[in-house]
Structures are given as structure tokens and as C-alpha cells.
Amino acid sequence: MFRFLKIIVFQKHLKFKPVQYLYPQQKNMFNLILFGPPGSGKGTQSEHIIDAFGLQHLSTGNLLRTEIAHQTELGMEAKRLMDAGQLVPDAVVIGMVGNFIDARPDAKGFLFDGFPRTTAQCIALDALLKEKNNEINVVLALEVSEEELVKRLLGRGLTSGRSDDTNETIIRARIQEYHDKTTAVATYYAKFNKVVAVTGEGTVESIYADLKKEIDARI
Ligand code: AP5
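Notes on the structure follow. On a predicted model such as this, the values are computed, not experimentally measured, just so you know.

## Description of the site of the ligand
Near the ligand you find 29 residues, and of these Pro 38, Gly 43, Thr 44, Gly 61 and Gly 114 are the closest. Where the shell around the ligand is concerned, the elements lending two or more residues are helix 3 (42-53), helix 4 (60-69), helix 5 (73-82), helix 8 (146-157) and helix 10 (204-216). In terms of residue class, the shell around the ligand is built from 11 nonpolar, 12 polar and six charged.

Next comes the structure, spelled out in C-alpha cells:
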């Protein structure tokens with residue numbers, strides 16, 4: 001006990017404070033993964049959720065499209081893969097996510113949209129959050145039929161300018177990539193009882209109401 005008190009007194013008089021005083025560990029963030037196949041409404045619902053709950057929106061698709069718009073080397077390499085409906089390498093995406101989280105030390109929490117997409121990304125995300133004494137609170141998984149996904153994405157392709165939306169073969173390749181590599185994300189978090197399925201068909205408002213109910217129950 002006395003030894004413990006002595007350490008506190010000693011630390012009080014240190015000129016250079018120990019690291020934990022300079023960078024206090026973040027706690028009590030609410031971190032949510034909005035999960036689902038391409039076109040399931042992750043981006044649409046994210047806008048409503050971040051407004052209502054004050055979370056930071058992290059969309060790896062948007063981050064990659066910003067790199068493409070700036071014609072960076074990373075962006076040009078990503079574009080080649082995205083236009084083919086394939087995933088960008090884990091190391092690239094994980095690096096971007098780490099930078100995004102580190103740049104927002106005061107965040108109340110994060111909404112992850114389109115990330116993680118592989119088991120390796122799940123493990124990396126858990127490690128990044130653990131560094132901040134945090135974790136994923138819930139994975140809300142939007143369920144939409146494949147024909148509805150294709151219809152929505154082809155519809156958006158008429159106006160969005162997204163090259164991966166204009167061709168049905170590419171859209172189906174994105175959906176196949178989701179089945180091959182990304183459904184593993186739900187399997188990973190199901191082991192921790194964190195996955196909740198939500199119907200992703202119906203009006204945007206009714207789906208949002210279902211998502212909100214799940215968040216309200218946990219936040
Ligand atoms: P990303 O940008 O994440 O695209 P995605 O997952 O394919 O998802 P979308 O944006 O197409 O769909 P969404 O679910 O957000 O639906 P939205 O709300 O937009 O990724 C693009 C590419 O980047 C990937 O293919 C990959 O190459 C790469 N990438 C990204 N992250 C990566 C990662 N972590 N690792 C590796 N590679 C990565 O809605 C779609 C349309 O439907 C809209 O027009 C919308 O208005 C409409 N809609 C929405 N809700 C409804 C509704 N209820 N009823 C009718 N229409 C609706």
C-alpha cells in the first residue's frame with residue numbers, strides 16, 4: 001500500500017509525465033459494423049445513423065475513391081481491382097483505417113461501413129480498437145436478395161459515375177467476392193455473439209427504424 005502511494009507521489013512530481021498521462025486510454029466508445037453485400041444499403045443507412053448517434057463514419061470504399069480522385073499511386077492500383085469487382089489488399093486497407101482512427105482521438109465511436117471485409121481485417125480491427133481499450137459492440141448485418149442488389153446497383157450506375165456499378169458482370173463479381181471472402185466476417189463476429197441480422201428490403205425509413213432499435217438497445 002505504502003509503496004503504491006509512494007509511486008503516486010513520485011509520479012506527481014515528475015517533470016515528464018508517464019505516457020498514460022499524456023495519452024489517456026479512450027473508453028466507452030460505441031463501435032458498430034454495418035455489414036452486408038454490395039448494394040444492401042450500408043452507405044444510405046450510415047448517413048442516418050451517424051447523424052443520430054454522433055459516430056464517425058468510416059467507409060473504406062469512400063476513402064479509396066478519394067485516393068482515386070487524387071490520382072495517387074495507391075488510388076490507381078485500387079481502381080484496377082475495384083473496376084474488376086475484386087477486393088483491395090488487406091495491408092492497404094488496414095493502413096488507411098489505422099490512420100483514420102488515430103486522427104480522431106476524441107471520437108464517441110465509429111461506424112464501419114464496408115470494413116472489415118476479410119478475417120484478416122477483423123483481426124486487425126480488433127487489435128486497433130484494443131489499443132484504445134475498446135471493441136466492436138455490434139455487427140448489424142443487412143440481408144437483401146441478390147436480384148434486388150443487382151437492380152439497385154444498376155439503377156445507381158445510371159447516375160453515380162461509379163465504374164463498378166455500370167456493368168452487370170462486374171456487379172455479380174462483387175457479389176461473388178462478398179460470398180467468397182466477406183461472409184467470413186459474420187462468421188468471425190458470430191463467435192462472440194455480436195451479429196444481429198436485419199432485413200434490408202423495404203423503405204429506407206423502416207430499415208433505419210429497425211437498425212436504430214438495435215443500436216438503442218446497446219448504446
Ligand atoms: P464500397 O464502396 O464499400 O461498395 P460496396 O460494399 O460494394 O457497397 P455499395 O456502396 O455499392 O453499396 P451499399 O451497401 O453501401 O449500398 P448503398 O447505400 O450505396 O466498396 C467498393 C469497392 O472498394 C469494393 O468492391 C472493393 O474493391 C473496395 N473496397 C472497399 N472496402 C474494402 C475493404 N475493406 N477491403 C478490400 N477492398 C475494399 O445503396 C446502393 C443503392 O441502393 C443506392 O442507389 C441506394 O439509393 C439504393 N438503396 C439503398 N437502400 C435502399 C432501399 N431500402 N430500397 C431501395 N433502394 C435502396
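There's plenty left to go through after this.
## Considering the pairing of strand 3 (residues 110-113)
Residues Phe 110 and Phe 112 point to one face of strand 3 and Leu 111 and Asp 113 to the other, with burial holding for every one of them. Where strand 1 (residues 32-35) and strand 3 come together, three bridges link them in parallel fashion. Across the sheet, residue Leu 34 finds its bridge partner in strand 3, namely Asp 113.

## What to know about the nonpolar core
The biggest cluster of nonpolar side chains holds 35 residues, and the ones touching the most others in it are Leu 32, Phe 35, Val 97, Leu 111, Phe 112 and Leu 140. Of all the elements in the fold, those that place two or more residues in this core are strand 1, helix 5, helix 6 (90-102), strand 3, helix 7 (119-131), strand 4 (138-143), helix 9 (168-190) and helix 10. In terms of residue count, the dominant contributor to this core is helix 6 (six residues). Not counting residues up to four positions away in its chain, the partners in contact with Leu 140 are Leu 32, Leu 34, Phe 35, Val 196, Val 198, Leu 211 and Glu 214.

## Details of the sheet that holds strand 2 (residues 56-59)
Spatial ordering of the open sheet is given by 2-3-1-4-5, a layout of five strands whose pairing is parallel. The open sheet has two free edges, formed respectively by strand 2 and strand 5 (195-199), since each of these has just one partner strand. The sheet shows a mean angle of 20 degrees between the axes of neighbouring strands, taken without regard to direction. Most of the contacts of helix 10 go to strand 5, to which it runs at about 160 degrees, and overall it touches strand 1, strand 4 and strand 5.

## Quick look at the environment of His 48
Its place among the elements puts His 48 in helix 3. According to the C-beta neighbour criterion, His 48 is partly exposed, with 16 such atoms within 10 Å. Between the C-alpha atom of His 48 and that of Val 204, which follows or precedes it by 156 residues, the distance is 9.6 Å.

## Quick notes on unusual backbone geometry
Omega for the peptide link from Phe 115 to Pro 116 comes to -5 degrees, which places this bond in the cis form. Position of Pro 116 among the secondary structure elements: in the loop between strand 3 and helix 7. Despite not being glycine, Gln 71 shows a phi value in the positive range, around 55 degrees. Its location among the elements puts Gln 71 in the loop between helix 4 and helix 5.

What counts as what
- Residue indices begin from 1 for each chain and proceed along its sequence in written order.
- Two thresholds apply to this predicted model, a pLDDT of at least 70 for residue-level local features and 80 or more for giving and counting side-chain atom pairs, whereas whole-chain, interface and lining totals are computed over all residues.
- In this entry, near means the residue's backbone-placed C-beta atom lies within 6 Å of the molecule or strand.
- A run of H or I in DSSP counts as a helix once it spans at least four residues, and a run of E counts as a strand once it spans at least two, with each numbered from the N terminus.
- Throughout this entry, Asp, Glu, Lys and Arg are counted as charged residues, while Ala, Val, Leu, Ile, Met, Phe, Trp, Tyr, Cys and Pro are counted as nonpolar. The remaining residues, Gly among them, count as polar.
- Exposure in this text rests on C-beta crowding, where 20 or more other C-beta atoms within 10 Å of a residue's own make it buried, 12 or fewer make it exposed, and counts in between make it partly exposed. The C-beta atoms are placed from the backbone.
- Paired strands, as defined in this entry, are two strands with at least two bridges between them according to DSSP.
- The nonpolar core criterion groups buried Ala, Val, Leu, Ile, Met, Phe, Trp, Tyr and Cys residues into a set whenever they are joined through C-beta atoms within 7 Å.
- Here contacts are defined at the residue level, using C-beta atoms placed from the backbone and a cut-off of 7 Å between them.
- Axis lines are fitted through C-alpha atoms, for helices just across the contact stretch, and the angle between N-to-C directions can take any value from 0 to 180 degrees.

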